[in-house]
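# Chains, contacts and geometry: an overview
The lines below spell out each chain.
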Amino acid sequence: MLRDITRVLGREYFDIDLTQVLEAPNADDLLLDLAITISRRGLVVFRNQKNLTPAQQKYFTNHLGQLTGNPDTSGVHVHPINHTVHKAGEKPDLEMSTIARNPNHMLSKQTGVTGGKKQLKEQSVADGWHSDIAFERVTSDYTTLINRVQPSTDGDTIFASAYEVYDRIGLSMRAFLETLTGTFSPVGCNPNPEHTHLHQVARGYPLNIDQSSVLCNLYKTFKVSAMGNAGLNL
């Protein structure tokens, strides 16, 4: 059983157990079909995946890329800062990140500008639109997020299709956007010495290595610059 979440984005499956898909004799064929669907729909939701282990989740994510043409040098991304500890006392799993919202610590301090004066402004980071690991030289093809702890109310994550936005804008705006270059700039860059060893780690791809900027605060401001013109901070 399935349904398309919107006309242009998202599909929801209610009765697929990914552990059974991974163990099926024709697993690669099934996963390739899923990879194509995910690419076409932009977002796919699988309900009730309580049996999926962290190792299976990583294999599933990586194998989607392998089946759709990733080179052998590609692998699961290693986040420069955020790593998951599955059980107390175990070493962190560098290939998984934990996203948690603590109501007591949900505000981050960022530098804002009000009335022409720069000041320290408290604001939630929940309003930050982003593509996963866009700060890396080589980004991910597929990303998976599993909800291990169910909140009592709905979450506040929203997905959008940039492809649909591009299809709807005029030709002149498309031509203008294609002259721009996007770069990521850290907010208050303060490298953490504990993370310097990740300079020498190929974080999912050989080119994702030795970038001191990724060891800074990874909540990025996005700067769009026109060729030869001043930058526009968004």
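If you're wondering where the values come from, they're calculated on a predicted model, not measured in any experiment. Sequence order sets the numbering: in each chain, residues are counted from 1 along the sequence as written. Only residues with pLDDT of at least 70 get local features here, since the model is predicted, and only at 80 or more are side-chain atom pairs given and counted; chain-wide, interface and lining totals rely on the full set of residues. Values reported for side chains reflect all heavy atoms of the structure, with hydrogen atoms and water molecules removed beforehand.

## Concerning the overall build of the chain
Starting at the N terminus, helices and strands are each numbered in turn, a helix being any DSSP run of H or I of at least four residues and a strand any DSSP run of E of at least two. Within the chain, the regular secondary structure consists of five helices and eight strands. The contacts of the chain with a sequence gap of at least 6 include a subset with a gap of at least 24, amounting to 61%. Accessible surface area values rest on a Shrake-Rupley calculation with a 1.4 Å probe, where residue burial reflects the displayed protein chains alone. Carbon and sulfur atoms make up 54% of the accessible area of the chain, which totals about 16,400 Å². Note on contacts: a residue pair is in contact if any heavy atoms of the two residues lie within 4.5 Å.

## With respect to the nonpolar core
Here the nonpolar core consists of buried residues drawn from Ala, Val, Leu, Ile, Met, Phe, Trp, Tyr and Cys, with membership extended through side-chain atoms lying within 4.5 Å. Residue burial is assigned from relative accessible area. The probe radius is 1.4 Å, only protein chains are included, and a residue is buried under 20% of its type maximum, exposed over 50%, and partly exposed in between. Core analysis: the biggest nonpolar cluster contains 14 residues, and Leu18, Leu31, Leu34, Phe46, Phe60 and Leu64 have the highest contact counts within it. Of all the secondary-structure elements, those providing two or more residues to this core are α1 (18-23), α2 (27-41), β3 (44-46) and α3 (54-67). Ranked by residue count, the leading element in this core is α2, at four residues. In this structure, Leu18 is in contact with Leu34, Phe46, Gln49, Leu52 and Phe60, ignoring residues within four places of it in sequence.

## Considering the side chain of His77
Structurally, His77 can be placed in the loop between α3 and β4 (107-114). Here His77 falls in the buried class, since its relative accessible area comes to 16%. When sequence neighbours within four positions are dropped, the list of residues in contact with His77 reads Leu94, Glu95, Ile133, Phe135, Glu136, Arg203 and Gly204.

## Observations concerning the sheet that holds strand β1 (residues 2-4)
Strand pairing is assigned whenever DSSP identifies at least 2 bridges connecting the two strands. Ordered in space as β1-β2-β3, the three strands form an open sheet in which the pairing is mixed. Bordering the open sheet on either side are β1 and β3, each of which pairs with just one other strand. Across the sheet, the mean angle from the axis of one strand to that of its neighbour is 15°, orientation sign disregarded. Pairing of strand β2 (residues 11-13) with β3 involves three bridges; the strand directions are parallel. Looking across to β3, one finds that Glu12 is bridged to Val45. On top of the sheet, α2 reaches β1, β2 and β3; it is set at about 140° to β2, its chief contact. Throughout, an axis means a line fitted to C-alpha atoms (over the contacting stretch in the case of helices), and angles, computed between N-to-C directions, take values from 0 to 180 degrees.

## Examining the confidence of the model for the chain
Confidence in the prediction for the chain averages 75 pLDDT; 68% of positions are at 70 or higher. Here residues 185-189 is a poorly scored stretch, pLDDT under 50, and it has twelve contacts once near neighbours within four places are set aside; other chains count. Low pLDDT, under 50, characterises residues 225-234; the predicted model gives this stretch 17 contacts beyond four residues in sequence or across chains. The pLDDT value expresses, per residue, how confident the predictor is, ranging between 0 and 100.

## Some points on the environment of Val138
Following the sequence through the fold, Val138 ends up in the loop between β5 (117-124) and α4 (162-168). On a C-alpha basis, the gap between Val138 and Tyr205 in space is 6.9 Å, while along the polypeptide they are 67 residues apart. Aside from chain neighbours lying at most four places away, what touches Val138 is Ile133, Tyr205, Leu207 and Asn208.

## A few points about the side chain of Gln56
By the element assignment, Gln56 lies in helix α3. Under the rule applied, a polar contact is a pair of N or O atoms within 3.5 Å (in protein, one hydrogen donor and one hydrogen acceptor; residues adjacent in sequence only if both atoms are side-chain atoms). From its side chain, Gln56 meets the backbone nitrogen of Thr53 in a polar contact 3.0 Å long.

## Notes on α3
Each residue after the first adds 1.5 Å to the expected span of a helix. Taking 1.5 Å of rise per residue, the 14 residues of α3 would be expected to cover 20 Å, and the 20 Å separating its terminal C-alpha atoms lies within 8% of that figure. Listed in full, the buried residues belonging to α3 are Gln56, Gln57, Lys58, Phe60, Thr61, Asn62, His63, Leu64 and Gly65. The secondary structure elements touched by the buried residues of α3 are α1, α2 and β3. Once α3 finishes, Gly69 follows within two positions and takes phi at roughly 110°, a positive value.

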